[in-house]
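# Coordinate analysis (summary)
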Amino acid sequence: MTYRQISSGLRLMLCATLVVATVPATWAEDAAPAVDAALSNLLKQDPAALVEKIKGMKAATAKQDAEAAALRKKATDLTNKATELEGTIAGLMEHVKALSKKYKVGPVAAAMKKGAAVKMAVAPAEKPSVALTNFADHVMPIFQARCARCHNADKAKSGLNLATLGTTLEGGSSGPSIVPGDPDGSRLMALITQAEEPFMPPSGDPLTPEQIEIIRKWIADGAPANGKSKGMAKKAVAKDDNPVFVAASFDGPPPMPEVALAKPNVLPGRGVVARAVDTSPRSPLMAVGGDRQVLLYQTDTNELLGALPFPEGDIFTLTFSINGELLLAGGGQEGDTGISVLWNIKTGERLGTYGQYYDTVLAADISPDHRMIALGGPSKKVRVYSTETGEELYALEKHNDWVYAVKFTPDGEVLASADRAGGMYLWQAANGREVEQLRGHNGAINALAYTADSKVLASVGDDGTVQLWDTWKYKRIRSFKAHNKAALYVDISADSRIITAGADRQTKIWGLDGKEQKAFKGSGDWVYAACFGLNNRVVGGTWSGNIIMWDAVSGEEVAKLSTNPAPEGKA
C-alpha cells in the first residue's frame, strides 16, 4: 500500500502523531500553527523524493561522523607527540644541567630562554682528555666501505676478516694484522699504504691519506674498541731462544752436498717409475726417487752424487725447500704404511720424520719458513706438522677423495690442496682455516704450482687442462688444453713459464697466456714429472724409469739418466 492510497483522515492522524512525537509538550500548544503548516507541507511532498532526501541526510551524517573521528585521532596523535617532545626536552635539559655541573658552566637554562649564546667556562685543571680514535666509530666504517668485500666472515681473503675488532686483531694467514700501539710494526699499515704486496685494496683507488691516518692513529692509540674503551698496551714480541728453523735463508753459496753420500742401490732390470722428480731452485741439483732411495744428480755435469736412503718404501713425491737447503720425500708401502722424511742437503742428515700412516704419502710440501710440513694421501686428509716439534698442528678434512697435491705459496700465507675427485681448496697456512674452494677441473687434479710472486696458482688434471687461478680474487683467469690425455705434472719457472707433462708422452712449455712455447720429444712413455732446472735445463721423469734432460731453448735432449743407475755411478 503506497502513501497515496491512505485516506485523508488517516494521513492527518499519522502526520500528527509524527509531529507530536518530536515536539516537547511544554511548547506544543504554542507551536500549533507551525505544526499545521508543517503537516500541510509534508502532505504535499512526493514520497519517493522524501525517501531519497532522508537517505542523503543519513549519508551526510555518516561522512561527518567519519571526519570527526579522523580529527579526534589527529588530535590524539598530536597530544602524544607533544608529550613525547616534552619528555625529550626534559631529558635534554637534564643532560645540559649535568654538563653544566661537570664543566662549571653558568646558568644555561636562563641563557637558553633568552636565546643567548652559551659559553662554557671550563676550568683549566678539568680539561677533558682527547677522544681516542676507535674501531666502532672511526675504523669500521672505512673497513666496511673499502675492505669488507674481500675480508668478511663469509669470504676472508688470505684468512683476514675485518668485520669485527676481534677478527681484525686475530689477523690472517700471515699472522696478526696489527700490533696495538705500533703502526710501523703492523702489517696492515704496510698493505694499505701499498709499501708491501698484496696491495690493499687490490683494485680501484687506494685508501685516501685521511683514511690511512685514521687507521694509523687508531693503532697508535692502542686499537680501542669504542669511545668508552681504553687502548691496549703495546705487547713485546716474544722471541724463540733456540728455534730450529727461523726462516729460509738465501745467504751463502748455492746449497750442494758437502759430504760423501751413500752409494746407490742397483736393481736388476729397469728402474722404478720416475714419478718423484724435483730440481733445486738455487743449485744445479736434481733429486730423483729410486728404489728405497733418493738419487742426487748434478745437472750441469749429469753426475750422480750419491743417494739418501729411504728404507720406508717407495717414494711418491719429492720437493726442495724454497732456498734449496732442505729436501722432503713422501712415500711408504701402498696399503700398509706411509711417512715423510726431511734431509739437510749440505750434510745429508735426516732432520726428522713426519706422519705415521696406514697408507703411503702421495703429496708433500714444506713451508717457505721451514716451520711446517703438509702431507696428503689416501686418508683424504691433509695433515700439517711442525718441523720443530714433530707435532701435528692441524688436519684438513674437507676432501672427499685421495689427496694428490699440496702446495704452500712462496710467501707462506696460503696452502693449496687438491684431490682425485677434482676438489681443490685454499687454506690459511698459519692455522688451517678454509679460505676458498676452487672449482674447475673435471676429474682428478694431479699437481699444483705457484708463480714466484704467489699471485697465480696453476693446476693440472686428468682432463688434460691447465687451469690458472688468481690467488687474490679466487677466480680462474685461464684454462687451456695442454694434453690429449691426463696432465700429470706442472711446474712454473722463476720467470713464469709453465711446464707440463702428460700421459700422452708429451712435455711442453707454455706462457701464462696459454700459448705453447716449446714441445720436447724423445720421452717415448708417460711423463710423470717435469720441472725447470738451472742453466736452461728441463727434466722429465717417465714410467720406464728414465729421466730425460733437455735444453729449454733449443729443445734438444742433452742427457738421459735413470732411477736405476749404473754401478759406477755415471750416467
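See the structure shown above.
Residues numbered from 1 in each chain as written. Predicted model: local features only at pLDDT ≥ 70, side-chain atom pairs only at ≥ 80, totals over all residues. Heavy atoms only, no water.

Attention now moves to the sheet that holds strand β1 (residues 277-279). Reading across the sheet, the 4 strands line up as β1-β2-β3-β4 and stay open at both edges, with antiparallel pairing between neighbours. A strand with exactly one partner marks an edge of an open sheet, and here the two such strands are β1 and β4 (303-309). On average, each strand axis in the sheet is tilted by 20° relative to the strand beside it, whichever way the strands run. Bridge analysis of β1 against strand β2 (residues 285-289) gives 3 bridges, and the strand direction is antiparallel. Directly across from Val277, in β2, lies its bridge partner Val288. (Pairing = 2+ DSSP bridges. Helix = DSSP H or I, 4+ residues; strand = E, 2+ residues; numbered from the N terminus. Axes fitted to C-alpha atoms, helices over the stretch in contact; angles between N-to-C directions.)

Once that is clear, we can look at helix α5 (residues 135-146). If you check which residues of α5 are buried, you get Phe135, Val139, Ile142 and Phe143. What you see down the axis of α5 is that its buried residues fit within an arc of 105°, all on one side. In this structure, α5 carries Gln144 and Ala145 as exposed residues pointing more than 90 degrees from its buried face. Where α5 begins, the capping side chain belongs to Asn134, and its oxygen is found 3.2 Å from the backbone nitrogen of Ala136. (Buried < 20%, exposed > 50% of the residue type's maximum accessible area, 1.4 Å probe, protein only. Arc of directions from axis to C-beta. Polar contact = N/O pair within 3.5 Å; in protein donor to acceptor, adjacent residues only side chain to side chain.)

Here the focus is the packing of α5 against helix α8 (residues 209-220). Interhelical geometry of α5 versus α8 gives an angle of 135° and a closest axis separation of 10 Å. Taken as axis vectors, α5 and α8 run oblique relative to one another. The two elements α5 and α8 meet at a crossing, and its hand is left-handed. Packed against α5, whose contacting residues are Phe135, His138, Val139, Ile142, Phe143 and Arg146, the element α8 presents Gln211, Ile214, Ile215 and Trp218 at the interface. Partitioned by chemical class, the residues of the contact of α5 with α8 number 7 nonpolar, 2 polar and 1 charged. (Parallel < 35°, antiparallel > 145°, perpendicular 65-115°, else oblique. Left-handed = near helix turned anticlockwise from the far one by under 90°. Contact = heavy atoms within 4.5 Å. Nonpolar A, V, L, I, M, F, W, Y, C, P; charged D, E, K, R; others polar.)

This part covers the environment of Gln293. Note that Gln293 resides in strand β3 (residues 293-298). Since its relative accessible area comes to 2%, Gln293 is described here as buried. Put simply, Gln293 and Ala329 are 36 residues apart on the chain and 9.7 Å apart in space, counted from C-alpha to C-alpha. In this structure Gln293 touches Pro264, Asn265, Val288, Ala307, Leu308, Pro309, Phe310 and Ile315, once residues within four positions along its chain are discounted. From its side chain, Gln293 meets the backbone nitrogen of Asn265 in a polar contact 2.8 Å long.

This next bit is on the side chain of His483. Along the polypeptide, His483 turns up in the loop between β20 (475-481) and β21 (487-492). A polar contact of 2.9 Å, which involves the side chain of His483, links it to the side chain of Asp504. Non-local contacts of His483, meaning those with residues more than four positions away in its chain, are made with Gly464, Thr500, Ala501, Gly502, Asp504 and Gln506.

Extensive coverage of strand β11 (residues 382-386) is indicated by the burial of 5 of its 5 residues. The alternating pattern of β11 places Val382, Val384 and Ser386 on one face and Arg383 and Tyr385 on the opposite face, and all of these are buried. Where strand β10 (residues 372-376) meets β11, 5 bridges bridge the pair, whose relative direction is antiparallel. Following the sheet pairing, Gly376 is matched in β11 by Val382. With antiparallel pairing between neighbouring strands as the criterion, β10 and β11 make up a hairpin whose turn holds 5 residues, including Lys380 at a positive phi of roughly 70°.

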